Amino acid sequence: MGNWFVNNWFSAIIISVWMGINIFLFVWFYFLYEEGERFFYTRHLLGSALAWARAPAAVLNFNCMLILLPVCRNLLSLLRGSFVRCSRTMRKQLDKNLTFHKLVAYMIALMTAVHMIAHLLNVEWLNNSRQGVYDNLSTALSNLEDEGNTSTYLNPIRITDLDPQQIPTYFVFTSIAGLTGVIITLALILIITSSMEVIRRSYFEVFWYTHHLFIVFFAGLVIHGIGFIVRRQEEESFEEHNPFFCHNRTEDWGKIPECPVPQFEGGPAQTWWYVIGPMIIYLCERVLRFIRYMQNVQYRKIVMRPSKVLELQLVKKGFKMDVGQYVFLNCPAISQLEWHPFTMTSAPEEDFFSVHIRSAGDWTDKLINIMQKLPEGAQGPKMGVDGPFGTASEDVFDYEVSMLVGAGIGVTPFASILKSIWYKFKDNDPKLRTRKIYFYWLCRETHAFEWFADLLKAQEKEMEERGMGDFLTYKLFLTGWDQSHANYVMVNVDRETDVVTGLKQKTHYGRPNWDKEFEQVRKENPTSVVGTFLCGPEALGKVLEKKCGKYSDVDPRKTKFYFNKENF
């Protein structure tokens, strides 16, 4: 438990505070509607379903206020920059923005379900009261008419000339609250279902376009409350007409001074109070993205690498980056709306920025096909660039010891880091505090190593010339091979350099034994704080996070492992 706390204590506090606010809002508003005196007559018509509808609505308002903030990338980058001088713990929390975004979405889905079910029951009971199915008080309350030009009724179902069985459906699809509720719910169902991992990975375009139904969701959300479906007794009416005295004297309403006809009002629409701020921030985010999209981007070099990996070297005026950062790319020739994230593989010291793009879906396939058809030396299609944005890998130089783990194309942020190290050594940068880097790269195909091997060779040579051969320890793991490759390796086992990469460090076959690797790092760095950085699949992330907890010592004087993962 102590080891887990080293990596997750701040996250636990954030989640606890968020959950505590949700519970407080639910309980507060539940008892407000369950015990509130001005809702006495409303409760008589609806029972506890009133509180079960309104309490989730309060929680929904709070979470809808939060849902957009974790995806405001420029806001997060601004906060990240503000926290540079603060602890790495705060910056690490910002890297979990998508995790928090999903948690908030789950809460919205849950509260929407409770809110919707409660209101469906409410509509049924309001209709029954209107039809006189229940007691005299329910009938009297439902038959109250408007006072002059003011809507002072209690039961929002006013129609009586339809088949009673059809009235609830008619009310849902003709009232503002009912119709917007249906639209909001359908939009939310499409957003959530298209966000499933299998759809997001295999049909990204479906995920991308349906996620933009959030515009419909928020528009409906703001309008939803102005229907004034849930009503309460007016304050002045409550002072003149005491429901605790008059509720069993319906025949005397308006006839005796103690019981004038009760008058009711709808509560103010509150949702826009919560969401207007985040909506403005998000709008500014989109305007900034459009401005960046309009800025000119030049191609410096277009290179096709092995394993169908496309390297783009781009130049944009005023563009500044840091190691491990990523950009969003938009190619109007493929889609005007789609933006896709790619980690930059160039170093801040270079006069261009580069990305490596693997064939992994319709958009990337189309981009690669376009680039392959270009004449040599020609400029590619217009490319919009949004960013750069910060990630966990930015903090790699804040640790004296770093473990970098990349899987497949997930090696890209570490290419940027290793290049930057090469430049820092070349320029004798006195600010470099990192004294040891462990680099692990897992790949299924031998060809995937080829484009990165040249960088590692340059690193090997640079470290040897400076007498710092121990600064970088790297291990390459080939997780897929055939018998012919195995035979070739056996024949050339005595070669000084590796048969796959040409490096002095031989390629390992199979997957790493992470217990062994973490034990070795801990043994070699008995008093260090070790940053563990992953750009790879979620399953590997869970393994490494557990190992960081397992091999971290609660003694502050001994080794601690801090887990960091790239999130897009």
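A few points on the structure. (Residues numbered from 1 in each chain as written. Predicted model: local features only at pLDDT ≥ 70, side-chain atom pairs only at ≥ 80, totals over all residues. Heavy atoms only, no water.)

Within the chain, the regular secondary structure consists of 21 helices and 14 strands. Restricting to contacts in the chain with at least 6 residues of sequence separation, those with at least 24 account for 75%. Looking at the chain as shown, the accessible area adds up to about 27,900 Å², and 59% of this sits on carbon and sulfur atoms. (Helix = DSSP H or I, 4+ residues; strand = E, 2+ residues; numbered from the N terminus. Contact = heavy atoms within 4.5 Å. Areas by Shrake-Rupley, 256 points an atom, 1.4 Å probe, with all protein chains shown as cover.)

Here the structure, examined in full by the defined rule, presents 1 disulfide. C246 shares a disulfide with C259; S-S distance 2.1 Å. Across the S-S bond linking C246 and C259, the dihedral sits near -90°, which makes this disulfide left-handed. Linking C246 in helix α14 (residues 243-246) with C259 in the loop between α14 and β2 (264-266), this pair joins segments that are 13 residues apart in sequence. (Disulfide = S-S within 2.5 Å.)

The tally for this structure, following the rule as stated, stands at 28 aromatic pairs. With centroids separated by 5.6 Å and ring planes inclined at 80°, the aromatic side chains of F217 and F218 adopt a geometry described as edge-to-face. Summarising the burial analysis for this pair, F217 and F218 share the class buried. Between the aromatic rings of F518 and Y551, the centroid separation amounts to 5.9 Å while the plane-to-plane angle is 20°, which identifies the pairing as stacked. Taken together, the residues span a long stretch of sequence, with F518 in helix α20 (residues 514-524) and Y551 in helix α21 (residues 538-551) at a distance of 33 residues. The class of F518 is buried, set by a relative accessible area of 0%. Following the ring pairs from residue to residue traces out a cluster consisting of F40, Y41, F244, W253 and F264. (Phe/Tyr/Trp six-rings, centres within 6.5 Å; stacked < 30°, edge-to-face > 60°. Buried < 20%, exposed > 50% of the residue type's maximum accessible area, 1.4 Å probe, protein only.)

Mapped onto the elements, V529 comes out in strand β13 (residues 529-535). The partly exposed category is assigned to V529, whose relative accessible area is 27%. Residues V529 and P556 lie 27 residues apart in sequence; the distance between their C-alpha atoms is 9.4 Å.

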